[in-house]
Amino acid sequence: MPPRRHLVLLDVFAGLMLAIANFAVAGNLWLAQSDEVPTMVLATAAALLAGTAVALRRLWPRTMLALAVAVALSGTLWDPFVTVALVLYTVTTLHPRRESATALALCLTAAAAGALWLPAGWAFAPVAALFALLAWLIGELLRERRTQATDLAAQQARQIRLDERLRIARELHDVVAHGMGLIAVKAAVANFVAETRPEETRAALRVIETTSKEALAETRRLLSVLRTDDLRPPDLDELFAGAREAGVQIEATVRLDDLPEALRLTVLRIVQEAVTNVIRHAAPATCQVRVTGTDEAVTIEVTDNGPGGDPRPGGHGLTGIRERVALYEGDFHAGPAPDGGFHLHATLPRKRPS
């Protein structure tokens, strides 16, 4: 859907064209009946008011509808049905059904009043009612489609969050199982050689210390995410600032405009995981982050000039990225770059498969 300001500008243009058309018709009538100066003045004012109602219908829809109905009942426009229908359509798309039904009732009541009030009202009322009903039905269909699209996007976002929690649970299991398993093995070695080979005991204890610290840090990080109710998307500015503090120079080109919320969250999580991997396994290094998109897909590329390696140690991040890409049935590749370092490439379609 175009930005709101663009739609308002389009309404202003349509209102201007409508006012000019009404003014031109009024001018022709005045030339044909040069003694009807008051009629010409009223027709000019009505043309300007009708154009104003259409131009400002998206800013004050209900007020502009009342204005359009009043102008239509004045009997000085050549297209009263078009003006009212355009404004009623906007009211219907922007307001709930109850309010739009009230607006439709107003228009139908005005049409019935016009049958008594206006010359040739017997012809005015049916046409006005038909235009109002068509405008309301089209607007209602569009509003329903927008509501369904919004609900679907929210459902997809909830599914993404659920998938995120399940992935985190799997990561937590892997961290605990791997860390505790390694600690148990090294503790057994240390216990076995404690008296005969103290240097091996110290080496085993150092491994235990390092492994336990890493496992605790990773467990705290995962639990902090699980405690978050809404899994807010990561802030890339904070992420890149943290990377620079860790010795990773970030060169980023990220475009997330007009992405559906669920897809935007997925893209942000992929970038977060990829940059976190660079911090863990490549720092100090230079990292290039590019997120670009077309009408069909979004492409994510993260490249660093670190030591590379395939797969990288502790591949939980790459597994999570692969799972996120798989949810969209996208393409994913990660491995050593041709010129050294590590390269990650992911492409996700804009529309998630149902």
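So, here's what we can say about the structure.

### Some remarks on the sheet that holds strand 5 (residues 342-349)
So, point 1. Judged by pairing direction, the sheet is mixed, and its five strands sit side by side in the order 1-2-3-5-4 without closing on themselves. One side of each edge strand has no neighbouring strand; the edge strands of this open sheet are strand 1 (248-254) and strand 4 (331-336). Mean inter-strand twist for the sheet, computed between neighbouring axes without regard to direction, equals 5°.
So, point 2. As paired elements, strand 4 and strand 5 share six bridges and run antiparallel to each other. Each bridged residue has a counterpart across the sheet, and for Phe332 the counterpart in strand 5 is Ala346.
So, point 3. Against the sheet, helix 8 (residues 236-245) touches strand 1 and strand 2 (285-293), its axis set at about 155° to strand 1.

### Concerning the nonpolar core
So, point 1. Counting residues in each nonpolar core, the largest one holds 37 residues, and the members touching the most others are Val267, Val271 and Ile300.
So, point 2. The set of elements that each furnish at least two residues to this core consists of helix 6 (121-193), helix 8, strand 1, helix 9 (261-281), strand 2, strand 3 (297-304), helix 10 (316-327) and strand 5.
So, point 3. Broken down by element, this core gets its largest block of residues, ten residues, from helix 9.
So, point 4. Once residues within four sequence positions are removed from consideration, Ile300 is found in contact with Val267, Ile270, Val271, Arg290, Val291, Leu344, His345, Ala346 and Leu348.
So, point 5. Membership of the second largest hydrophobic core comes to 20 residues, among which are Ala53, Ala68, Ala103 and Ala132.

### Some words on the pairing of strand 5
So, point 1. Taking burial as the measure, the eight residues of strand 5 include six buried ones, the bulk of the element.
So, point 2. As paired strands, strand 3 and strand 5 are joined by eight bridges and run antiparallel to one another. Within the sheet, the bridge partner assigned to Val302 lies in strand 5 and is Leu344.
So, point 3. Counted along the chain from strand 4 to the antiparallel partner strand 5, the turn is five residues long, and its residue Gly340 has a positive phi close to 95°.

### Some thoughts on the side chain of Thr93
So, point 1. Structurally, Thr93 can be placed in helix 4 (residues 80-94).
So, point 2. Classification of Thr93 by relative accessible area gives buried; the value is 8%.
So, point 3. Among the polar contacts listed, one links the side chain of Thr93 to the backbone oxygen of Thr90, at a separation of 2.9 Å.
So, point 4. Apart from residues lying up to four places away in sequence, Thr93 is in contact with Gly139, Leu142, Arg143 and Arg146.

### A word on the pairing of strand 1
If a strand is regular, its side chains alternate between the two faces of the sheet.
So, point 1. By the bridge criterion, seven bridges tie strand 1 to strand 2 in an arrangement that is parallel. Among the inter-strand pairings, Val248 is bridged to a residue of strand 2, identified as Ala285.
So, point 2. As for the winding sense of the linkage, the β-α-β connection from strand 1 through helix 9 to strand 2 is left-handed.

The rules behind the values
Here, residues in each chain are numbered from 1, in the same order as that chain's written sequence. Given that the model is predicted, a residue must reach a pLDDT of at least 70 before its local features are reported, and side-chain atom pairs must reach 80 or more before they are shown or counted; all residues, however, enter totals for whole chains, interfaces and linings. Based on all heavy atoms of the structure, the side-chain values leave hydrogens and waters out of the count. At least two DSSP bridges between two strands are needed for those strands to be called paired. Helix and strand assignments follow DSSP, with helices taken as H or I runs no shorter than four residues and strands as E runs no shorter than two, numbered in order from the N terminus. In this analysis an axis means a line fitted to C-alpha atoms, helices contributing only their contacting stretch, and an angle means the value between N-to-C directions, from 0 to 180 degrees. We call two residues in contact when some of their heavy atoms are within 4.5 Å. The term nonpolar core refers to a set of buried residues drawn from Ala, Val, Leu, Ile, Met, Phe, Trp, Tyr and Cys, joined through side-chain atoms within 4.5 Å. Between buried and exposed lies partly exposed: a residue is buried under 20% and exposed over 50% of the maximum accessible area for its type, with that area taken using a 1.4 Å probe on protein chains only. A 3.5 Å cut-off defines polar contacts: any pair of N or O atoms within that distance qualifies, except that in protein one atom must be a possible hydrogen donor and the other a possible acceptor, and neighbouring residues in sequence count only when both atoms are side-chain atoms. Look down the strands so they point away from you; if going from the first strand over the helix to the second traces a clockwise path, that crossover is right-handed.

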